[in-house]
Amino acid sequence: MDSVCHQHYTGGCAKTEEGEASSSEEDSSSFHGNGVCKWFNVRMGFGFLSMTNRDGVPLETPVDVFVHQSKLQMEGFRSLREGEAVEFTFKKSSKGLESLEVTGPKGAPCVGSEKRPKGALKRRSKGDKCYNCGGPNHHAKECQLPPQPKKCHFCQSIAHMVASCPVKAQQSSPGSQGRSSSATGGEEEEATDPAPASLPPESSD
């Protein structure tokens with residue numbers, strides 16, 4: 001990743017040296033610039049500003065200025081949105097132009113990018129809970145308790161799983177089980193009664 005950074009950084013230097021070749025004696029000084037964010041990598045925490053105005057003088061060709069997230073004046077996660085207007089102080093270094101402090105227009109806080117590094121924020125729904133202990137605000141892999149016995153998710157019994165939960169079955173069809181069992185029992189009795197009467201004709205054959 002360093003090679004990418006240096007590649008862009010060198011590119012920024014080349015443009016800078018073309019427009020600022022006569023200012024080699026200003027290496028130890030700091031300057032003020034205006035422009036926009038050219039690009040910013042939120043995962044790596046750095047990018048480049050495109051300076052269009054230096055110390056109140058418009059530039060014919062925009063100049064690249066390196067920016068690190070630590071130089072951004074804002075609350076929370078520090079980043080820049082591509083195309084965001086910025087004001088900044090910068091200096092010359094051995095690698096090119098480097099920002100010292102970056103703000104929004106007139107010193108306002110930077111707006112920042114809506115993007116976040118992958119894995120930085122794991123959003124969890126309010127219904128998330130641990131499958132091990134049943135507690136809220138964490139998952140089973142983060143549970144501090146030893147492995148718990150598996151239990152029914154419906155009635156919390158450890159004697160069975162939710163697929164064979166009698167409580168869930170009763171609530172899904174209340175009273176219907178008793179009627180259906182008695183009905184089937186009556187049918188079975190009726191079916192067994194005529195069976196002996198039908199045997200003699202078969203045996204006579």
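The shown structure was predicted, so the numbers you read here are calculated from the model rather than taken from an experiment.

Asker: Explain the overall build of the protein chain to me, and be specific about the residues and the numbers.
Answerer: Tallying secondary structure elements over the protein chain gives four helices and five strands in all. Across the protein chain, helices and strands are ordered from the amino to the carboxyl terminus as α-β-β-β-β-β-α-α-α. Relative to its full complement of 205 residues, the protein chain shows a buried share of 27%. Nonlocal contacts in the protein chain, meaning residues at least 24 apart in sequence, comprise 49% of its contacts between residues at least 6 apart. Entry remark: accessible area of the protein chain is about 14,000 Å², with carbon and sulfur atoms responsible for 52%.

Asker: Account for the pattern of salt bridges, naming residues and giving values.
Answerer: What the rule picks out here adds up to two salt bridges. Across the salt bridge formed by K38 and D64, the nearest N and O atoms sit 3.0 Å from each other. With K38 in strand 1 (residues 30-41) and D64 in strand 3 (residues 57-68), this pair connects stretches of sequence that are 26 residues apart. The class for K38 is partly exposed, based on a relative accessible area of 33%. On the accessibility criterion, D64 (7% relative accessible area) is buried. The closest approach of N and O atoms between R81 and E114, which form a salt bridge, is 3.9 Å. One end of the pair, R81, is in the loop between strand 3 and strand 4 (85-93); the other, E114, is in the loop between strand 5 (96-103) and helix 2 (166-172), with 33 residues separating them in the sequence.

Asker: Go over the packing of aromatic side chains with me, naming the residues and quoting the values.
Answerer: On inspection of all chains with the given rule, the structure shows six aromatic pairs. Among the aromatic residues, ring-to-ring pairing joins W39, F46, F48 and F66 into one connected group. The ring centre of F31 lies 4.4 Å from the NZ or CZ of R54, which sits over that ring.

Asker: Describe a nonpolar patch on the surface, and please don't skip the residues or the numbers.
Answerer: Residues F154, V162 and V167 make up a contiguous nonpolar surface patch of roughly 210 Å² in combined accessible area. Structurally, V162 is set in the loop between strand 5 and helix 2.

Asker: Outline the pairing of strand 2 (residues 46-54), supporting the account with residue identities and numerical values.
Answerer: The two faces of the sheet receive side chains in turn, since in a regular strand these alternate between them. Of all nine residues that make up strand 2, eight are buried, and the element is covered over most of its length. Relative to strand 2, strand 1 runs antiparallel, the two being bridged by eight bridges. Bridging across to strand 2, C37 finds its partner in L49. Hairpin connection of strand 1 to strand 2: four residues between the antiparallel strands, including G45 at a positive phi of 80 degrees. Of the strand pairs in this sheet, strand 2 and strand 3 are connected by eight bridges, and their pairing is antiparallel. By the bridge assignment, G47 is partnered in strand 3 with V67. Between strand 2 and strand 3, which pair antiparallel and follow one another directly, the connecting turn spans two residues, one of which, D55, has a positive phi of 50 degrees.

Conventions we followed
Position numbers for residues count from 1 along each chain, tracking the sequence in the order it is written. Where local features are concerned, this predicted model is filtered to residues with pLDDT of at least 70; where side-chain atom pairs are given and counted, the filter is 80 or more; whole-chain, interface and lining totals use all residues. The side-chain figures draw on all heavy atoms in the structure; neither hydrogens nor water molecules are used. Secondary structure follows DSSP: runs of H or I at least 4 residues long count as helices, runs of E at least 2 residues long count as strands, and numbering of each begins at the N terminus. Partly exposed residues are those whose accessible area sits between 20% and 50% of the maximum for their type, while under 20% is buried and over 50% is exposed, using a 1.4 Å probe and protein chains only. By definition, residues are in contact when any of their heavy atoms lie within 4.5 Å. Areas reported here follow the Shrake-Rupley algorithm with a probe of radius 1.4 Å; residue values treat only the protein chains shown as occluding. We count a salt bridge whenever a side-chain nitrogen from Lys or Arg sits within 4 Å of a carboxyl oxygen from Asp or Glu. For Phe, Tyr and Trp, where Trp contributes only its six-membered ring, two rings pair if their centres lie within 6.5 Å, and the inter-plane angle classes them as stacked under 30 degrees, edge-to-face over 60, or tilted in between. Only when the NZ atom of a Lys or the CZ atom of an Arg is both within 6 Å of the ring centre and within 35 degrees of the ring normal do we say a charge sits over the ring. What makes a patch is a set of residues exposed beyond 30% relative accessible area and free of salt bridges, joined within 9 Å when like-charged and within 5 Å when nonpolar (Val, Leu, Ile, Met, Phe, Trp, Tyr). Being paired, for any two strands, means DSSP has found at least two bridges between them.

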